[in-house]
Amino acid sequence: MDAVIYNARLVDADIDSEGAVFCRDGIICSVHMGSFRRRSDAEKLATVVGIPRGNFIDAEGLALMPSFVDMHAHFRYPGQTQKEDIDSALAAAENGGFGTLVLMPNTNPVVSSSSLAKSIMKECSEKSRATVFQTVSITKDFGGTDTSAIDDLSRDEFPVISEDGHDVASAAVMLEAMEKAGKKGIVVACHCEDVELAKAARPFRQAALRLMADNGIPAGIFDEIPGSVPESVVSEIDGNLSRANSLLALAEDAATERNLEIGALAHCHVHICHCSTKTSMDAVRNAKARGIDCSVEVTPHHLSLVGTEEPNIRALVNPPLRSVEDRRALIEALRDGTADCIGTDHAPHTMEDKAAGSPGFTGLETAFAACHTVLCAEEGFSLSRLSELMSANPAAILGLKSGRLRPGFAASFSLVDTREEWIVRAAEFKSKGKSTPLEGKKLVGRVKRMIYC
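Residues numbered from 1 in each chain as written. Predicted model: local features only at pLDDT ≥ 70, side-chain atom pairs only at ≥ 80, totals over all residues. Heavy atoms only, no water.

Draft legend 1. Layout of the nonpolar core. Grouped together as the largest cluster of nonpolar side chains are 77 residues, with contacts concentrated most on Leu101, Met178, Val188, Leu303, Leu334, Phe368 and Leu375. Setting aside residues no more than four positions away along its own chain, methionine 178 makes contact with Val188, Cys190, Asn259, Ile262, Gly263, Ala266, Cys268 and Val270. Core analysis: the next-biggest nonpolar cluster, separate from the first, contains 20 residues, Val21, Ile28, Ile57 and Phe409 among them. (Core = buried A, V, L, I, M, F, W, Y, C linked by side-chain atoms within 4.5 Å. Buried < 20%, exposed > 50% of the residue type's maximum accessible area, 1.4 Å probe, protein only. Contact = heavy atoms within 4.5 Å.)

Draft legend 2. Looking closely at a negative patch on the surface. Taken together, Asp141, Asp146, Glu176 and Glu179 make up a surface patch of like negative charges. Along the chain, the position of aspartate 146 falls in the loop between β9 (136–137) and β10 (160–162). Classification of aspartate 146 by relative accessible area gives partly exposed; the value is 30%. (Patch = residues over 30% accessible without salt bridge, like charges linked within 9 Å, V, L, I, M, F, W, Y side chains within 5 Å. Areas by Shrake-Rupley, 256 points an atom, 1.4 Å probe, with all protein chains shown as cover. Salt bridge = Lys/Arg side-chain N within 4 Å of Asp/Glu carboxyl O. Lys, Arg positive; Asp, Glu negative; His and termini not counted. Charge placed at Lys NZ, Arg CZ, Asp CG, Glu CD. Helix = DSSP H or I, 4+ residues; strand = E, 2+ residues; numbered from the N terminus.)

Draft legend 3. View of the layout of surface pockets. One number sums up the size of the largest pocket: a volume of about 620 Å³. Gly165, Arg205, Asn318, Ser358 and Pro359 are the residues nearest the centre of the largest pocket, which is lined by 28 residues in total. The class makeup of the residues in the lining of the largest pocket is seven nonpolar, 14 polar and seven charged. (1 Å grid on protein atoms, 1.4 Å probe; cavity = no way out; pocket = protein on both sides within 12 Å on 5 of 7 lines; lining within 4 Å. Points joined across faces, edges and corners; volume = space filled by probe spheres on them. Nonpolar A, V, L, I, M, F, W, Y, C, P; charged D, E, K, R; others polar.)

Draft legend 4. Just the packing of aromatic side chains, in detail. If you walk through the whole model with that rule in mind, you get three aromatic pairs. Ring plane angle 10° and centroid distance 5.4 Å describe the contact between phenylalanine 68 and phenylalanine 368, whose orientation is recorded as stacked. Of the two residues, phenylalanine 68 sits in strand β6 (residues 68–73) while phenylalanine 368 sits in helix α11 (residues 367–378), which places them 300 residues apart along the sequence. In this structure, phenylalanine 68 and phenylalanine 368 share a single accessibility class: buried. An aromatic cluster is built from Phe68, Phe98 and Phe368, whose rings are joined through pairwise contacts. A cation over a ring is seen here: arginine 446 above tryptophan 422, with NZ or CZ 4.1 Å from the ring centre. (Phe/Tyr/Trp six-rings, centres within 6.5 Å; stacked < 30°, edge-to-face > 60°. Lys NZ or Arg CZ within 6 Å of the ring centre and 35° of its normal.)

Draft legend 5. Examining the pairing of strand β2 (residues 16–24) more closely. Judged from the eight bridges that link them, strand β1 (residues 2–11) and β2 form a sheet pairing that is antiparallel. For leucine 10, the partnering residue across the bridge sits in β2 and is serine 17. Hairpin geometry of β1 and β2 is characterised by an intervening segment of four residues between the two adjacent antiparallel strands. Sheet topology places β2 next to strand β3 (residues 27–33); six bridges connect them, and they run antiparallel. Across the sheet, glycine 19 pairs through a bridge with methionine 33, a residue of β3. (Pairing = 2+ DSSP bridges.)

Draft legend 6. Spotlight on the packing of α11 against helix α12 (residues 383–398). Running from N to C, α11 and α12 cross one another at 135°; their axes reach a closest spacing of 11 Å. With respect to α12, the element α11 is oriented oblique. As for how α11 packs across α12, the hand of that crossing is right-handed. For the pair formed by α11 and α12, the contact residues are Ala367, Phe368, Cys371, His372, Leu375 and Cys376 on the first element and Leu383, Leu386, Leu389 and Met390 on the second. (Axes fitted to C-alpha atoms, helices over the stretch in contact; angles between N-to-C directions. Parallel < 35°, antiparallel > 145°, perpendicular 65-115°, else oblique. Left-handed = near helix turned anticlockwise from the far one by under 90°.)

Draft legend 7. Structural context of the sheet that holds β10. The six strands lie next to each other as β9-β10-β11-β12-β13-β14, forming an open sheet whose pairing is parallel. On the outer flanks of this sheet lie β9 and β14 (341–342), each paired with one strand and no other. Summarising the sheet, β10 and strand β11 (residues 187–190) pair through three bridges and their orientation is parallel. By the bridge assignment for β11, serine 162 is matched with alanine 189.

Draft legend 8. Highlighting the pairing of strand β8 (residues 131–134). As paired strands, strand β7 (residues 98–103) and β8 are joined by four bridges and run parallel to one another. Along β8, the bridge assignment pairs leucine 101 with valine 132. Note on the crossover from β7 through helix α3 (residues 114–127) to β8: the handedness is right-handed. (Right-handed = clockwise from strand over helix to strand, strands pointing away.)

Draft legend 9. Representation of the sheet that holds β7 within the structure. Taken together, the three strands give an open sheet; going across it, the order is β6-β7-β8, and neighbouring strands pair in parallel fashion. Looking at the sheet topology across the chains shown, the edges are occupied by β6 and β8. Direction aside, neighbouring strands of the sheet carry axes that sit 15° apart on average.

Draft legend 10. Representation of the pattern of salt bridges in the model. Under the criterion given, the structure shown has 30 salt bridges. The salt bridge partner of lysine 432 is aspartate 85, with a shortest N-O separation of 3.0 Å. In this pair, lysine 432 sits in the loop between β15 (412–423) and β16 (442–452) while aspartate 85 sits in the loop between β6 and α2 (86–96), placing the two residues 347 residues apart along the sequence. Notably, a salt bridge pairs glutamate 420 with lysine 448, separated by 2.8 Å at the nearest N-O pair. With glutamate 420 in strand β15 and lysine 448 in strand β16, the pair connects residues that are 28 residues apart, well separated along the chain. Shared partners join several salt bridges into a network, and the residues in it are Lys278, Asp282, Arg285 and Asp336.

Draft legend 11. Molecular detail of empty space enclosed by the protein. Applying the stated criterion across every chain, the model contains three cavities of 30 Å³ or more. The volume enclosed by the largest cavity comes to roughly 80 Å³. Looking at the largest cavity, the residues that line it are Pro300, His301, Thr344, Phe361, Thr362, Gly363, Thr366, Thr436, Pro437 and Leu438. Residue composition of the lining of the largest cavity, by class: four nonpolar, six polar and no charged. Roughly 60 Å³ of internal volume is contained in the second largest cavity. Lining the second largest cavity we find His191, Cys192, Glu193, Leu248, Glu252, Cys273, His274, Pro319 and Pro320. Class assignment for the residues of the lining of the second largest cavity results in five nonpolar, two polar and two charged.

Draft legend 12. Inspection of unusual backbone geometry at higher detail. Cis peptide bonds are those with omega within 30 degrees of zero, and the linkage from asparagine 108 to proline 109 qualifies with 5°. Within the element layout of this structure, proline 109 appears in the loop between β7 and α3. Along the chain, glutamate 310 connects to proline 311 via a cis peptide bond; the corresponding omega equals -5°. Residue position: proline 311 is located in the loop between α8 (300–304) and α9 (324–336). The phi dihedral of aspartate 141 is positive, around 55°, even though this residue is not glycine. Within the element layout of this structure, aspartate 141 appears in the loop between β9 and β10. Of note in this structure, histidine 267 is not a glycine but carries a positive phi near 55°. Counting through the fold element by element, histidine 267 comes out in the loop between α6 (231–266) and β12 (270–272). On the basis of relative accessibility, which here comes to 68%, the residue histidine 267 falls in the exposed class.

See the structure below:
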């Protein structure tokens, strides 16, 4: 289909200008800077370009950006459809402006074969025009030993593999996997978390959850604790969570260093998932300075929130929400180029699962607004820089010809109102997951629609 999008503010990693975009059969044909506010202006240009009978779309002066690329999402399919299913996940992705998504394999069963991964991608393609890559687990069924599934994978179909949800415990097995992936050009996305330290943190979280349940404090809703709860109980809850978070910070930092070093030896591109501490980000910065092939993502929730005090200390996620210093380090890493992209880590759960301690938040539908609020409205980032972090950079990591407003690139767009202020109401999400620590918060900037040409 031929299409002309006019009366737009064109924004990508390189452009921020009024203009129009011409598309044919899903590909951008040409990009034109200038004032094309009226349909008649666009029709005149279309005649010159050679698309006189296209579908003319008025962007109404809003920002037209390449659709967003998420390196890290959980669709919970197969086997966890009470949390999310393909239909609800794809609807949430469209509502959030995401046209490309990389899905994690921690489902039921674990996605440990190319055949299962292909079937999931086929189902997604039949329901949406979004590009979906289903990762295959690094080891079979997360068993930590068998890396044979990597032998069947190709970079074109499977640009990323991951053991997300936890790390590969054995450094030797991880080296074997990274050597295989490196030879194929496949990115290894690492959930950096030392397994034994994570195990040591678990009893402290469980103790906090028991106290919360005994005192009527919900684990999936992050309101202030009622005054009827004794201060000593609140202090004990927070103390247990603080201890768990300290152990999980050490777990992240130790595993980040390990995985970067293994990647260097294996000549494999290592992608650090949901980096949350200053120490881990410094490790990535040092690795890049040494020429190690690596990239790193930051989540909207780690950018937006501090987790050392009430009520967000009770907002359970892996890795946990961190300190003021850690949050500042993540923002500065995005500013100076150390951090490569935003990854939502969209992790929907039922409220019952959250009450039982399941970590993670619903994130696809708030990601752009949360990042725009923090980075652009508060920290002075340009909208072009945000586009680079949410589209151009992750597309480049995946080896895709998308994420920029350029001829020959994918004609998949997010139309964004950068001025709209809105209040997060999880009940209005397309996702089945309704737990978010951003509930009730005012954000600036909103995705109005997606456009596929």
